[in-house]
Amino acid sequence: MKNMTRTFALAMGLTVGTLAQAADINDVTTEQVRAAAAKACEGGKTYKVAYSHSVSEVAIVKQVRRFADARAADLGCVTVLHDNTQANNLEQQINAIQGWITLDVDAIVVLPIEPTALQPLKRQAQAQGIKWLTYLGKMDGSDGFVGFDHAQSGQIVAQAAVDWAKANNVTDAKALVTTLTPLPPLAPRWTEVTRIFAENGITVVAEQDAADQTNGLRVAETVLQQHPDLDIIIGMADDAAVGALRAIKLSGANGDAMFVGGQDGSLEGLSAVNDGGAYRASAAILINELGANIVDLALNAVRDVEPSFAYTPTVLASKADQALLDKLLANYAN
Amino acid sequence: MTDTGMTRGAAAAPETPKNRDWFELSVAAALPVAIAALAVFFYLNAPVFMTANNWISISVQVSALMTISIPFAMLLMAGKIDLSVGSTLALCGVVAGLSFEPLGIPGAVLLTLAVGTGVGLINGLLVASLGMSPIIVTLGTLTLIRGLAQWLAPNPIFGFPEEFLVIGYERVLGLPILTWIMMAVIALGAAVMALLPIGPQIVALGVNQRAAFLVGLRVKAIGIALYAGTGFFVAVAALMSISRINSAPAGTLGVGVELSVLTAVLLGGIPFAGGKGSVIRVVLGVWLLGMLANGLILMNVPTELSLMTTGLVLVVAAALDVLRSRRS
């Protein structure tokens, strides 16, 4: 089956260009992406870009959508179509994409819940001349990639925790790391954390699935029973870390002697960092750039100009850089 | 032929009242025994499990689930079901979060309770009054209400008044307020089922709705009241939840709660078709789930294994239920 896919991709003439672009993806700058897309509206052509996220109910995704819409409005020739896929419901996603293929949109940007299941749709879309870009997850033979680097995210927040432990002379630190094992593509968010912790003598005493506030609270509350001397909690998402922060407060643990860090740069996470206290860091995606990249990379793919593969940078949001923190928070001001 | 012989042999074995008593007793004791066995197992693997603090922690963790499970169980005993409880929880959380500022805490709480009751009332009218399928109606409201919650709060709502948040952490007479609320709901549920005339009427509805109607029971009114009551207690649970997490994320709050509640209630021995059940056994079912989640985290068991264990417990409970049904 895999060979068939590869053969088909070669027949479509996709592979060579795709791999060449993918090899340089780490060097692509946001400015390059913007500059290439800026000329898309010349000549009066209009475009329809469809974007499917697997958990559209999550607040940060709504913000990313808002920035994609804003970029489309800035350019003036692009309409962004959104779907209603929620809770990683593959059937909903497939139905939405089928609808977009029928609509004959110019490009589809999709966070593939199950890449294998979407391969037939990708082939159908590409055969029809629709560009297929993936968001976060990768698929063979895609025309573009709107990515952010989960490994970088994990590394940023883990390094911040290591630096905190060193600066505060915390020896034999104990950590809780939350995971989301049903979504393996996100694994670097926690595997990089555990790797860096192991290299720096930090013991991970518990690894448990938690991605939202309720589960973050439940897991942290329980682990604090077993390990009241816990020093560090890293959430695979800010929402989980925010729940863990609440557990610290409810349990009466000394937050001043703890490090809580999250990932994504959600409004609640950034606000918690801004408030000071135990929540000291968030590996924050520049969601304004990410939203714009959905539109720009799709346009570049449609117009066959480079780059159509790029990562959106992730940065460390902490009180140490208040200006950046303020800028990230300002992204949420409607 | 041998099979026939064996079957005959088995069939010929007299089922004396004494045998039946033993069987009933052993099935009835299965849940408490399972809880005790699990407690010992977790204690041996994570001694902190058996501390008072940890048990109080479990009571807080299951408090919202319990608050929903008791009225839900009564609904199921009456042969009805409400699959929209998770979404209603989210909507109530969002309504409370949005109304603290304009209405103050008492106003927000009252509005939230009214919204929860209202959602239950709508479900009740559609199911009990118009005779629509409870599964289809509440599946519809599950989606509708989740959408409404997300529409009302596209951005996360967080940072509630401290006077409200005390519900989530303050203790009275050594126990968290949430635990007290949960115990009050249990006591209320047990009292309704055991002491009030409506208790047996609820069960009668589940046994045979037509027969219940013919003997003069107010079938529609009871059905509507049960749905409205469930909605009310879901609103209570929403207030309990958001006071704990200090946040009301419309997209994720209460996701999957309907399954957890259903699992707990079925574990408690209430058949899906209704017609019988006990509030106390439902309490044990919820507690078993809470203990499982807590103990597995304390042991740092990987998620996949946790899921398998929880699933296995449910299958065993279902098997016990089938055994009991066949014998009766």
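The shown structure was predicted, so the numbers you read here are calculated from the model rather than taken from an experiment.

1. A few points about the overall build of chain A
Broken down by element type, chain A carries 13 helices and 12 strands. In terms of overall dimensions, chain A is globule-like: its C-alpha atoms have a radius of gyration of 21 Å, near the 20 Å expected for 334 residues. Sorting the 334 residues of chain A into buried and exposed places 59% on the buried side. Long-range contacts, defined as pairs at least 24 residues apart, comprise 72% of the intrachain contacts of chain A with a sequence gap of at least 6. When the accessible area of chain A is evaluated, it comes to approximately 13,000 Å², of which 52% is carbon and sulfur surface.

2. Brief notes about the sheet that holds strand β6 (residues 174–179) of chain A
Residue and element names in this part refer to chain A. What the six strands build is an open sheet, ordered β7-β6-β8-β9-β10-β12; its pairing is mixed. Edge positions in the sheet fall to β7 (203–209) and β12 (314–317), since each of these pairs with one other strand and no more. Taking the axes of each pair of neighbouring strands and ignoring which way they run, one obtains an average angle of 15 degrees across the sheet. Inspection of the sheet shows strand β8 (residues 232–234) paired to strand β9 (residues 259–264) by three bridges, in the parallel sense. Residue Ile234 lies in a different strand from β9, and its bridge partner there is Gly261. With respect to the sheet, helix α7 (residues 150–167) is in contact with β8, β9, β10 (279–285) and β12, its orientation differing from that of β9 by roughly 165 degrees.

3. Considering the packing of helix α7 (residues 177–195) of chain B against helix α10 (residues 219–245) of chain B
Think of two packed helices as two axes; the pair is described by the angle between the axes and how far apart they sit. Residue and element names in this part refer to chain B. Packing of α7 against α10 brings their axes to within 11 Å, and their N-to-C directions diverge by 165 degrees. One way to sum up the angle between α7 and α10 is to call them roughly antiparallel. Two packed elements cross with a definite hand, and for α7 against α10 that hand is left-handed. For the pair α7 and α10, the contacting residues are Leu178, Ile181, Val185 and Leu188 in the first and Phe233, Val236, Met240, Ser243 and Arg244 in the second. Across the contact of α7 with α10, the residue classes break down as seven nonpolar, one polar and one charged.

4. Looking at helix α13 (residues 322–330) of chain A
Residue and element names in this part refer to chain A. Listing the buried residues of α13 in full gives Leu324, Leu325, Leu328 and Leu329. In a view along the axis of α13, the buried residues occupy a sector of 135 degrees, so they form one face of it. Set apart from the buried face of α13 by more than 90 degrees, the exposed residues are Ala323 and Lys327.

5. Regarding the interface of chain A and chain B
With 28 residues of chain A at the interface, the matching set in chain B holds 35 residues. Each partner contributes to the roughly 2,700 Å² buried at the junction of chain A and chain B, and carbon and sulfur atoms together form 50% of this total. On inspection of chain A and its partner chain B, the count reaches one salt bridge. For Glu221 of chain A, the salt bridge goes to Arg244 of chain B, with nearest N and O atoms at 2.7 Å. Applying the counting rule to chain A against chain B returns 15 residue pairs in polar contact (both at pLDDT 80 or more). Among the secondary structure elements, those contributing two or more residues to the side of chain A that touches chain B are α4 (59–75), β7, α9 (213–226), α10 (238–251) and α11 (267–275) of chain A.

6. What to know about the packing of aromatic side chains
If you walk through the whole model with that rule in mind, you get 12 aromatic pairs over all chains. For the ring pair Phe145 of chain A and Tyr311 of chain A, a centre distance of 5.7 Å and an interplane angle of 85 degrees mean the geometry is edge-to-face. Of the two residues, Phe145 of chain A is situated in strand β5 (residues 144–147) and Tyr311 of chain A in strand β11 (residues 309–311); the sequence distance between them amounts to 166 residues. Each member of the pair, Phe145 of chain A as well as Tyr311 of chain A, carries the same accessibility label: buried. Taken together, the ring pairs in this structure connect Phe41, Phe42, Phe49, Trp55 and Trp287 of chain B into an aromatic cluster. Over the ring of Phe67 of chain A we find Arg66 of chain A; its NZ or CZ atom is 4.8 Å from the centre of that ring.

Cut-off values and rules
Residues numbered from 1 in each chain as written. Chains lettered and ligands numbered in written order. Predicted model: local features only at pLDDT ≥ 70, side-chain atom pairs only at ≥ 80, totals over all residues. Heavy atoms only, no water. Helix = DSSP H or I, 4+ residues; strand = E, 2+ residues; numbered from the N terminus. Rg over C-alpha atoms; globule rule 2.2 N^0.38 Å. Buried < 20%, exposed > 50% of the residue type's maximum accessible area, 1.4 Å probe, protein only. Contact = heavy atoms within 4.5 Å. Areas by Shrake-Rupley, 256 points an atom, 1.4 Å probe, with all protein chains shown as cover. Pairing = 2+ DSSP bridges. Axes fitted to C-alpha atoms, helices over the stretch in contact; angles between N-to-C directions. Parallel < 35°, antiparallel > 145°, perpendicular 65-115°, else oblique. Left-handed = near helix turned anticlockwise from the far one by under 90°. Nonpolar A, V, L, I, M, F, W, Y, C, P; charged D, E, K, R; others polar. Arc of directions from axis to C-beta. Buried area = accessible area lost by both parts, 1.4 Å probe. Salt bridge = Lys/Arg side-chain N within 4 Å of Asp/Glu carboxyl O. Polar contact = N/O pair within 3.5 Å; in protein donor to acceptor, adjacent residues only side chain to side chain. Phe/Tyr/Trp six-rings, centres within 6.5 Å; stacked < 30°, edge-to-face > 60°. Lys NZ or Arg CZ within 6 Å of the ring centre and 35° of its normal.

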